[in-house]
Amino acid sequence: MKLKSKEDFFKLKEETVKKRAQDKDIKLLIGFGTCGIAAGAKIIEKAIEKGLAERNIKNAKIVRVGCVGYCYAEPTIEIVYPEGGSVILGNIKSENALDVIDMHILNKSFESQYVIPRNFE
Amino acid sequence: MVKQVRIALRNCGRVNPESIEDYINARGYEALVTCLFDKKPADVINIITESGLRGRGGGGFPTGIKWKAAAAEVSDEKFIICNADEGDPGAFMDRAVLEGDTHSVLEAMTIAGYSVGADKGIIYIRAEYPLAIERIKKAIEISKEYGFLGKNILGTEFSFDIELKYGAGAFVCGEETALIASIEGKRGEPVVKPPYPAQKGLWGKPTIVNNVETFANICPIILNGKDWFRSIGTQKSPGTKVFALAGKINNVGLIEIPMGMTLRNVIDNIGGGIRDGKEFKAVQTGGPSGGCITRENLDTPIDYDNLLSIGSMMGSGGMIVMDEDDCMVNFAKFFLEFTIDESCGKCAPCRVGNKRLLELLEKVTNGQATEEIIPQIEQLCATIKKASLCGLGQTSPNPVLSTLRYFRNEYDEHIKDKKCRSKVCKALLKYEIVPDKCNGCTRCARSCPVQCISGKVKEVHTIDQKACIKCGVCYTNCKFNAIIVS
């Protein structure tokens, strides 16, 4: 789709923002920078996918994002809730996947041994 | 709790860099549209100039003034170059931005092109960043599909295209004239400035070379205005700076802090303190061109001018934390070795001078130096700084000069007492067995790679100091703490 004017752009923008606002899925943002991948992001992604299927969860979506900067706690997952709020988890291993899903997706808890402090707004 | 402020990293970790929808949802390409339809090129340059944005590559040259100079030139062709030849040891700010928020760099380059009248952009990126390269290629492709790049952007008269050039990992190619030479297919060697690239750059045409992080700041400034940008940071250095925090610190990571934050806050609050509860010694900023910041300057607000005044520099954003176990002479030596490897060899002060300087430092760490060596080191440093052709040589003695300034006592100890307090410089170490503690288990003698430890079973052992190679194996293996290092 080629945008040909200012109006085209703002129309697309409006549609995109609207579509996103209607999206009520829980987002799992996995750090997929070179660093995250090296620390095991791809393995974590697979484990989470498997876990979501096992728990039959349909309202959660994995998003591959760039580096968040928490090198000391890679691989990291940020869980963003549609009703607001989010929690950042660090040092996740594939065997923690079900644990993470139970605590932070089913129970929507803001606390667990995986939570690392957020140090920016 | 002191927090980071994220401008350059605003989308990193929040958007999928491979999704243009994600980017548009995060106000992506709105700045470009605003510029193209509502602002004249000169207006855009004025906003950037008045925002006070300074080059984030390290030098801190005002970005707007660079753009203005290129815009003022009359030429059939102009170029926008994004310098992604990130080479400081341990630094990865640019990689994070390019991998995490790819479109924002493309958008900012296009805005720069519109402002100065360029229709061609080049991203000079290290070949060692394959993932960033892959994402940039994808982003360029999709931007063209949407009409954010290419011919007649968004139906306007303005056309802009971006291509990639790969660097082969030469540190000196981060210097803008060497970078341009490298793109032209020549050896990556710097040339004398002026003329500046803004007047005569790539293929002799006006060229803007900006760092990745500088570009990452452009769109937020356009969207939120110069006053918003000026409200963050300090008077002379508005905005934020991204640092790759590394070394002996608990929370190693990528941070973005408002200018003017103190180093104490960075280390204690954002960095989570020194690892293993050890004593803080110094922080190196500016990589091999910078200097160290010590305890006495922990409360100095971090900005371009303050760092220069205390003998360091902002640099591109490497921040290496050192604790009591780091020897400052050895540390200066490490960076000098790096510079020697990376010197292009074009000018003698840098090529020969740094090598001679390293030999002097080796004398210090080997215990062969006498007191006359300090003035020799100082004189050589001054010569290299004054006579070198480019920034690499002009700044290469900085780690030596700054450690000399703040840690003269450590140099003196190495020279006069032949001691290294951090127990790093091997030649100055002495391994000894404490007779009272040694029970003659023979473990040390069996593990010594040069068989210089002698003694019978159940009798006190001794180390032959002349034969000892100071490898430390006996020290690590002794279960009775009977071996001491001094």
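Here is a short report on the structure shown in this document. Counting restarts for each chain: residues are numbered from 1 in the order of the written sequence. Chains carry letters and ligands carry numbers; both start at the beginning, A for chains and 1 for ligands, and go up in the order they are written. Local features in this predicted model are restricted to residues whose pLDDT is 70 or higher, and side-chain atom pairs enter the listing and the counts only when it is 80 or higher, whereas totals over whole chains, interfaces and linings include all residues. By convention in this description, side-chain values take in all heavy atoms of the structure and omit both hydrogens and water.

1. What about unusual backbone geometry?
At step 1: The omega angle of the peptide bond from glutamate 74 of chain A to proline 75 of chain A is -10 degrees, so this bond is cis rather than trans.
At step 2: In this text, helices come from DSSP runs of H or I with a minimum length of four residues, and strands from runs of E with a minimum of two, each type numbered from the N-terminal end. Among the structural elements, proline 75 of chain A can be located in the loop between strand E2 (60-65) and strand E3 (77-80).
At step 3: Cis geometry marks the peptide bond from proline 194 of chain B to proline 195 of chain B, where omega comes out at 5 degrees.
At step 4: Its location among the elements puts proline 195 of chain B in the loop between helix H8 (176-183) and strand E4 (207-211).
At step 5: A positive phi angle, near 50 degrees, is found at lysine 108 of chain A, a position not held by glycine.
At step 6: Mapping lysine 108 of chain A onto the fold places it in the segment after helix H4 (97-106).

2. Some remarks on the sheet that holds strand E1 (residues 79-84) of chain B
Working definition: the strands of a sheet are paired by backbone hydrogen bonds and lie parallel or antiparallel to each other.
All names here are of chain B.
At step 1: Following DSSP output, two strands are said to pair if at least two bridges run between them. One open sheet accounts for four strands, arranged E3-E2-E1-E4; its pairing is parallel. Sheet topology places strand E3 (161-167) and E4 at the edges, where each strand pairs with a single neighbour. Each strand of the sheet is rotated relative to its neighbour by a mean of 20 degrees, with strand direction disregarded.
At step 2: Across the sheet, helix H6 (residues 102-116) lies against E1, strand E2 (120-126), E3 and E4, angled at about 150 degrees from E1, the strand it touches most. To obtain an axis, a line is fitted to C-alpha atoms, over the contacting stretch when the element is a helix, and the angle between two such axes runs from 0 to 180 degrees between their N-to-C directions. Residues count as neighbours in contact if any of their non-hydrogen atoms are within 4.5 Å of one another.

3. Quick notes on helix H7 (residues 130-146) of chain B
All names here are of chain B.
At step 1: To estimate how far a helix should extend, the number of its residues minus one is multiplied by 1.5 Å. The terminal C-alpha atoms of H7 lie 25 Å apart, and with 17 residues this matches the ideal 24 Å at 1.5 Å per residue to within 8%.
At step 2: Burial in H7 covers these residues: Leu131, Ala132, Ile133, Arg135, Ile136, Ala139, Ile140, Ser143 and Tyr146.
At step 3: Two residues or fewer after H7 comes glycine 147, characterised by a positive phi angle close to 85 degrees. Relative accessibility decides the category of a residue: with a 1.4 Å probe and only protein chains considered, values under 20% of the type maximum give buried, values over 50% give exposed, and everything between is partly exposed.

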